[in-house]
Amino acid sequence: MSLSLQDVQRIAHLARIRVDETEAAGYQAQLNGIFGLIEEMQAVDTTGILPMSHAQDLSQRLRADVISEPDRRVAFQAVAPQVENGLYLVPKVIE
Amino acid sequence: MKWETVIGLEVHSQLSTQTKIFSGASTAFGAAPNSQACQVDIALPGVLPVLNKGAVERAIRFGLAIGAKLNRTNVFDRKNYFYPDLPKGYQISQFTLPIVETGELKIQVGDEEKTVRITRAHLEEDAGKSLHEDFHGEDGRPLSGIDLNRAGTPLLEIVSEPDMRSAKEAVAYAKALHTLVTWIGICDGNMQEGSFRVDANVSVRPLGQAEYGTRREIKNLNSFKFLEQAINYEARWQIEQIEDGHKIQQATVLFDPDSGETRMMRSKEDAHDYRYFPDPDLLPVKLDEDWIEQVRAGLPELPQQKRLRYQNDLGLSAYDANALTASRALADYFEAVAGGLAKPDAKLAANWIMGDLSATLNREGLDIPASHISAAALAGLLARIQDGTLSGKLAKQVFEAMWAGEGDADAIIEAKGLKQVSDSGAIEVLIDEVLAANDKSVEEFRSGKEKAFNALVGQVMKASKGKANPAQVNELLRKKLGAE
């Protein structure tokens, strides 16, 4: 499998990263290099092996359902670019 | 051509935990904006999610209640998209390995019982809220306000198979699910506050065709009424499109309650590509058997089990059993009334709860927990019907007085002198008086007019101020007229 320039542009768009044509060509070569490695790895027989969802073979620790976080809005909003009536303000987005 | 509507529902049920699914911030509704949004919820760099045990336990409870498979290992994934009310740029959800898979829910549609299969139920976090009000920057450009209090609130998304064939069935399923999640205490069910939100996948196909048609998804319906209206509108719209020679395009649509119409939000071409992958910040969740059994032991008797028991053991109809299990509070009330009767009569209890009590609650816009008459007090009233102290008519008067707060049944009967007269001597005295004063009716009856008999019964009842036992009046009157 290899990626076309169009694929690279689409991925860049989904990730909201602006990529110009020369950069795109570079990323295409790098990404295809990674796909080459994956293809080599796919030669390994993995029948009967469960896919891992995490690199560590541990299970998730759970937290008791008890409120532990105080209201720190003032501190958080001190570094926000713009706030009003306790709300964070962002450029208007309507889907 | 005859058409068939096919519906599957996705329900977002907000779990009733004290804190967020991945942080210790409160989930209480209605707090000041961003006062319950901690560093994890607003996605400051370097923070890590820690899973809430209460959310996992509620998902287990749900899985057990629908007889589902619980995945002993389940995994959280990242669902990637950009929106200002999702500060991380991804929602933590479960994709490949959800906690609950393949269960079912039985629903009652009219007189028929139907089974709706549940494909899966997975845990995920809610997003924040965008307020598109009149905010402006210094340069005048429009801004949106973001409140992240809801961000990170635990949700259980419950996905059904496309097993419903009409808006009515979809509503029956949504209601049964709403009853169940509130019944087992995992969700407060408050639809105005968005605790229970429904998306409906709707398609149509010629009746008898095996393949499904192309579906459109109606998003975010927050009432059963809108769910029914939206599905009916959407199905009609799709049929018209096809009959006019158009093809249905897969799309996401919104329902506008004001116009009663659905309108397109986005087509398949701009459908999101979420690029799911396992969240490296969270390890796989393991459920051990002891925990599952502990949760199972804590489950109450479920609506479906109660329905069967009411029919098989108490002799109620399917309709009564279904109505009395509409909520746990109602079922508890019914059982307390029926259990409070010295002489068991579930039907009598059911009739009064679904009749006079429900009518009164409806009229005053109250739910059963706010009833002015406690279960014990209603049982006290029914006992006076059973022992013949009250006729049905007098009992209604006592019921109204009880509702008005005038005391318990016995006190009201005493105070108002409403005791039914069942002393045959006293009734005979009344009958003799009435017969003496109504020669004409007596003669009419003797010449074969049955109507005249009813008139005489009416006179005796009137003479007793409604308190004579009607069955006894009938019997004694007939005896007297026959004997003379």
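These remarks concern the structure in this document. Note that this is a predicted model, so its numbers are computed, not measured.

### Quick look at the overall build of chain B
Logical step 1: The number of helices and strands found in chain B is 15 helices and 17 strands.
Logical step 2: Here chain B has a C-alpha radius of gyration of 31 Å; the compact-globule value for 484 residues is 23 Å, and the former is much larger.
Logical step 3: The principal-axis extents of the C-alpha atoms in chain B amount to approximately 100 × 55 × 55 Å.
Logical step 4: With 484 residues in all, chain B has 50% of them scored as buried.
Logical step 5: A separation of at least 24 residues holds for 69% of the contacts in chain B among residues at least 6 apart in sequence.
Logical step 6: Here chain B displays about 22,600 Å² of accessible surface, and carbon together with sulfur accounts for 49% of that area.
Logical step 7: Computed over 56 positive and 70 negative side-chain charges, the inter-centroid distance for chain B is 3 Å.

### A short note on the interface of chain B and chain A
Logical step 1: Taken together, the contact pairs 58 residues of chain B with 37 residues of chain A.
Logical step 2: For the pairing of chain B and chain A, the buried interface totals around 4,000 Å² over both sides, and the portion due to carbon and sulfur atoms is 59%.
Logical step 3: When residues of chain B are sorted by the area they lose upon contact with chain A, B:F82, B:F135 and B:L283 head the list and together hold 14% of the total.
Logical step 4: The tally of links from chain B across to chain A stands at one salt bridge.
Logical step 5: Between A:R10 and B:D273 there is a salt bridge, with its nearest N and O atoms 3.1 Å apart.
Logical step 6: Sorting the residues of the side of chain B that touches chain A by element identifies β2 (51-52), α1 (53-65), β9 (129-136), β10 (142-147), β15 (261-267) and β17 (285-286) of chain B as the ones contributing at least two each.
Logical step 7: Each residue belonging to the side of chain B that touches chain A can be placed in one class, and the counts come to 30 nonpolar, 17 polar and eleven charged.
Logical step 8: The pairing of strand β1 (residues 62-63) of chain A with β2(B) spans two bridges and is classified as parallel.

### Digging into empty space enclosed by the protein
Over the atoms a probe the size of a water molecule is rolled, and this reveals where empty space is left.
Residue and element names in this part refer to chain B.
Logical step 1: Summed over all chains, the structure comprises one cavity of 30 Å³ or more.
Logical step 2: Taken as a whole, the largest cavity spans an internal volume of roughly 80 Å³.
Logical step 3: Taken together, 13 residues form the lining of the largest cavity, with D41, K88, E125, A151 and G152 sitting closest to its centre.
Logical step 4: Grouping the amino acids of the lining of the largest cavity by side-chain chemistry returns seven nonpolar, two polar and four charged.

### Considerations on the sheet that holds strand β3 (residues 87-91) of chain A
Strands belonging to one sheet form pairs held by backbone hydrogen bonds; the direction of such a pair is parallel or antiparallel.
Logical step 1: Pairing is antiparallel across the open sheet formed by four strands, whose spatial order is β2(A)-β3(A)-β10(B)-β9(B). On the outer flanks of this sheet lie β2 (83-84) of chain A together with β9 of chain B, each paired with one strand and no other.
Logical step 2: Note: β2(A) against β3(A), two bridges, orientation antiparallel. The residue bridging A:V83 from the neighbouring strand is A:Y88, located in β3(A).

### Things to note about the nonpolar core
All names here are of chain B.
Logical step 1: The biggest cluster of nonpolar side chains holds 104 residues, and the ones touching the most others in it are L9, I60, F62, L123, Y173, F334 and L381.
Logical step 2: Setting aside chain neighbours within four positions, we find L381 in contact with W352, L390, A395, V398, F399, M402 and A409.
Logical step 3: Ranked by size, the runner-up nonpolar core spans 18 residues in total, among them L430, I431, M461 and L476.

### Some thoughts on the pattern of salt bridges
All names here are of chain B.
Logical step 1: Tallied over the entire structure, the rule returns 33 salt bridges over all chains.
Logical step 2: Its salt-bridge partner being R141, residue D139 comes within 3.2 Å of it at the nearest N-O pair.
Logical step 3: Taking the shortest distance from any N to any O, the salt bridge between E335 and R309 comes out at 2.9 Å. Of this pair, E335 sits in helix α7 (residues 328-339) while R309 is found in helix α5 (residues 303-312), placing the two residues 26 residues apart along the sequence.
Logical step 4: What makes E335 partly exposed here is its relative accessible area of 28%.

### Let's talk about the packing of aromatic side chains
Residue and element names in this part refer to chain B.
Logical step 1: Taken as a whole and assessed by the stated rule, the structure comprises eight aromatic pairs over all chains.
Logical step 2: Residues Y81 and Y274 carry aromatic rings whose centres are separated by 5.9 Å and whose planes lie at 70° to one another, so their mutual orientation is edge-to-face. One end of the pair, Y81, is in the loop between β5 (77-80) and β6 (90-93); the other, Y274, is in the loop between β15 and β16 (277-278), and 193 residues separate them in sequence.
Logical step 3: Here the aromatic rings of F226 and F255 are separated by 5.9 Å at their centres, their planes lie at 50°, and the arrangement is tilted. In this pair, F226 sits in helix α3 (residues 224-243) while F255 sits in strand β14 (residues 251-256), placing the two residues 29 residues apart along the sequence.

### Some points on the side chain of A:H54
Logical step 1: Looking at the secondary structure, you find A:H54 in the loop between α2 (21-41) and β1.
Logical step 2: The class of A:H54 is buried, set by a relative accessible area of 15%.
Logical step 3: A polar contact is formed between the side chain of A:H54 and the backbone nitrogen of A:Q56, at a distance of 3.1 Å.
Logical step 4: A polar atom in the side chain of A:H54 sits 2.8 Å from the backbone oxygen of B:P280.
Logical step 5: In this structure, A:H54 is in contact with B:D279, B:P280, B:L282, B:L283 and B:P284, ignoring residues within four places of it in sequence.

### Side note on the pairing of β10(B)
Logical step 1: Burial analysis of β10(B) places five of its six residues in the buried class, the great majority of the element.
Logical step 2: Sheet analysis places β3(A) next to β10(B), joined by four bridges and oriented antiparallel. The partner of A:P91 across the bridge, within β10(B), is B:L143.
Logical step 3: Bridge count for β9(B) against β10(B) is five bridges, and the pairing is antiparallel. Pairing of B:F135 across the sheet is with B:L143, part of β10(B).
Logical step 4: The turn linking β9(B) back onto β10(B) is made up of five residues, and B:G140 within it adopts a positive phi angle of 90°.

Definitions and limits used
- Residues numbered from 1 in each chain as written.
- Chains lettered and ligands numbered in written order.
- Predicted model: local features only at pLDDT ≥ 70, side-chain atom pairs only at ≥ 80, totals over all residues.
- Heavy atoms only, no water.
- Helix = DSSP H or I, 4+ residues; strand = E, 2+ residues; numbered from the N terminus.
- Rg over C-alpha atoms; globule rule 2.2 N^0.38 Å.
- Buried < 20%, exposed > 50% of the residue type's maximum accessible area, 1.4 Å probe, protein only.
- Contact = heavy atoms within 4.5 Å.
- Areas by Shrake-Rupley, 256 points an atom, 1.4 Å probe, with all protein chains shown as cover.
- Lys, Arg positive; Asp, Glu negative; His and termini not counted.
- Charge placed at Lys NZ, Arg CZ, Asp CG, Glu CD.
- Buried area = accessible area lost by both parts, 1.4 Å probe.
- Salt bridge = Lys/Arg side-chain N within 4 Å of Asp/Glu carboxyl O.
- Nonpolar A, V, L, I, M, F, W, Y, C, P; charged D, E, K, R; others polar.
- Pairing = 2+ DSSP bridges.
- 1 Å grid on protein atoms, 1.4 Å probe; cavity = no way out; pocket = protein on both sides within 12 Å on 5 of 7 lines; lining within 4 Å.
- Points joined across faces, edges and corners; volume = space filled by probe spheres on them.
- Core = buried A, V, L, I, M, F, W, Y, C linked by side-chain atoms within 4.5 Å.
- Phe/Tyr/Trp six-rings, centres within 6.5 Å; stacked < 30°, edge-to-face > 60°.
- Polar contact = N/O pair within 3.5 Å; in protein donor to acceptor, adjacent residues only side chain to side chain.

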